[in-house]
Amino acid sequence: MLLAWGLLIIAVLTEISWGCSLKALSYFSFNRFFIAIPIILSLINMALLAHIMRYLPSGLAYAVWTALGSVGIIIAGIFLFNEKINLYQVFFICLCVIGVVGLKLCPQP
């Protein structure tokens, strides 16, 4: 079970990398190298998520992957691409994180 959660964290990191690579792709010319990066990250990401769902409930794995991936992409966008967010958005981002922590703390069936 611990290995599945570790792999889920890796899947979240590849999800964040994938989202950032799509944003970065808009800054670079569309050559094969830059187009290949998000495709490769997507394949790795989906393979990890499919593997994780063998050991964790699919809804739980997907909810954690989606929420933490979204929060990570937002944070990366702030630091890497100078994107701005307001206080309301920060509040709802915190709700996503609280939800993930709550899911992790709930006993598994």
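This text follows the structure it describes.
The structure reproduced in this document is the subject of the present report. Predicted model, so just to flag it, every value in this text is computed and none were measured. (Residues numbered from 1 in each chain as written. Predicted model: local features only at pLDDT ≥ 70, side-chain atom pairs only at ≥ 80, totals over all residues. Heavy atoms only, no water.)

1. Description of the overall build of the protein chain
Item 1. Each helix and strand in the protein chain was counted, giving four helices and zero strands.
Item 2. With respect to the principal axes defined by its C-alpha atoms, the protein chain has extents near 50 × 35 × 15 Å.
Item 3. Relative to its full complement of 109 residues, the protein chain shows a buried share of 31%.
Item 4. Pairs at least 24 residues apart make up 72% of the contacts formed inside the protein chain by residues separated by at least 6 positions.
Item 5. For the protein chain, the accessible surface area stands at approximately 7,200 Å², while carbon and sulfur atoms represent 76% of it. (Helix = DSSP H or I, 4+ residues; strand = E, 2+ residues; numbered from the N terminus. Buried < 20%, exposed > 50% of the residue type's maximum accessible area, 1.4 Å probe, protein only. Contact = heavy atoms within 4.5 Å. Areas by Shrake-Rupley, 256 points an atom, 1.4 Å probe, with all protein chains shown as cover.)

2. Here's the deal with the pattern of salt bridges
Item 1. If you walk through the whole model with that rule in mind, you get one salt bridge.
Item 2. Two residues, K23 and E83, come together in a salt bridge whose shortest N-O distance is 3.3 Å. Residue K23 is found in helix 1 (residues 2-25), and its partner E83 is found in the loop between helix 3 (58-81) and helix 4 (87-105); the two are separated by 60 residues along the sequence.
Item 3. We classify K23 as partly exposed; its relative accessible area is 31%. (Salt bridge = Lys/Arg side-chain N within 4 Å of Asp/Glu carboxyl O.)

3. Here we look at the nonpolar core
Item 1. Counting 21 residues, the largest nonpolar core has W5, L8, I52, L56, V64 and W65 as its most contacted members.
Item 2. Residue assignment for this core shows that the elements contributing at least two residues are helix 1, helix 2 (32-52) and helix 3.
Item 3. Top contributing element to this core by residue count: helix 1, with nine residues.
Item 4. In this structure W5 touches L56, L60, V64, K104 and Q108, once residues within four positions along its chain are discounted. (Core = buried A, V, L, I, M, F, W, Y, C linked by side-chain atoms within 4.5 Å.)

4. Side note on the side chain of E15
Item 1. Among the secondary structure elements, E15 is positioned in helix 1.
Item 2. Looking at E15, its side chain comes within polar contact range of the side chain of N45, at 2.4 Å. (Polar contact = N/O pair within 3.5 Å; in protein donor to acceptor, adjacent residues only side chain to side chain.)

5. Structural notes on helix 2
Item 1. Here helix 2 contains 21 residues, and its C-alpha end-to-end distance of 30 Å stays within 8% of the 30 Å for a straight helix at 1.5 Å per residue.
Item 2. Those residues of helix 2 lying buried are P38, L41, N45, L48, L49 and I52. Each buried residue of helix 2 sits inside an arc of 95 degrees when the element is viewed along its axis, so together they form one side. Away from the buried face of helix 2 by more than 90 degrees, exposed residues R32, F33 and L43 are located. (Expected span 1.5 Å × (residues − 1). Arc of directions from axis to C-beta.)

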